[in-house]
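# Close look at the chain arrangement
Listed here are the chains, written in short residue letters.
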Amino acid sequence: YAFKIFRHEPGKNSLSNNYIWNIYEDKEGILWITTFGGGLNRYDPVTETFTYYKREKNGSGLSNNNTFAILEVNNILWIGTDDGFCSLDKKSGTIKRYLQTPGNEKGISANHIGTIAYQQEGFLWMTSDSGLTRFNIATEEIKFFGQKIFDCAFSIKTIMKIRCSGNNLL
């Protein structure tokens, strides 16, 4: 076996930040790397180059450079950040943001999105600081599930990871 070490090197085509939170490999063999402070990195192992997706100074791009979760559904990457979540169309490079809006019952419940899972019916499930959020990809409808929704003794605020298996949310 051989190992290649990647580090952030200012002024060079390298990782945008050394604090890596998550890595996802897509069907084309591209690595998508979420970082704490450096946004999202796209690494192409054939050309050995990095492309960065960040929150830009003009406010465009990702909603936040602290990125945690990443999931792909139909060539769209869904990225959980410290300011809601974003979709990134891999073909066009278009980024769309979904943010918490105080007082908006149809918005997401909290800014920090730590985990994203896909349910076959076209729903994304996300963990946040305040519970679970379900997002309908087709209609962009958002539904929040707060504490004790399942009539059980634990608070769903403490959920760190989720996963969908068939029609079950684990």
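Scroll up to find the structure.
Treat the numbers as computed from the prediction; the structure is a model and nothing was measured.

### Describing the overall build of the protein
For the protein, the count of helices and strands is 0 helices and 14 strands. In the protein, the succession of α and β elements from N to C terminus is β-β-β-β-β-β-β-β-β-β-β-β-β-β. Within the span of the protein, comprising 170 residues, buried residues form 40% of the whole. Of the contacts made within the protein by residues no fewer than 6 positions apart, 38% connect residues no fewer than 24 positions apart. When the accessible area of the protein is evaluated, it comes to approximately 10000 Å², of which 50% is carbon and sulfur surface.

### Examining the nonpolar core
Grouped together as the largest cluster of nonpolar side chains are 13 residues, with contacts concentrated most on Trp 78, Phe 85, Ile 116, Leu 124, Met 126 and Phe 135. Considering every element that reaches this core, the biggest residue donor is strand β5 (residues 67-73), with 3 residues. Every residue in contact with Met 126, bar those within four places of it in the chain, is listed here: Phe 85, Ile 113, Thr 115, Ile 116, Gly 131, Leu 132, Thr 133, Phe 135 and Ile 162. Counting residues in hydrophobic clusters, the runner-up holds 10 residues, among them Tyr 53, Ile 70, Leu 77 and Leu 88.

So, how was this worked out
- Residues numbered from 1 in each chain as written.
- Predicted model: local features only at pLDDT ≥ 70, side-chain atom pairs only at ≥ 80, totals over all residues.
- Heavy atoms only, no water.
- Helix = DSSP H or I, 4+ residues; strand = E, 2+ residues; numbered from the N terminus.
- Buried < 20%, exposed > 50% of the residue type's maximum accessible area, 1.4 Å probe, protein only.
- Contact = heavy atoms within 4.5 Å.
- Areas by Shrake-Rupley, 256 points an atom, 1.4 Å probe, with all protein chains shown as cover.
- Core = buried A, V, L, I, M, F, W, Y, C linked by side-chain atoms within 4.5 Å.

That's the geometry; what it means functionally is another story.
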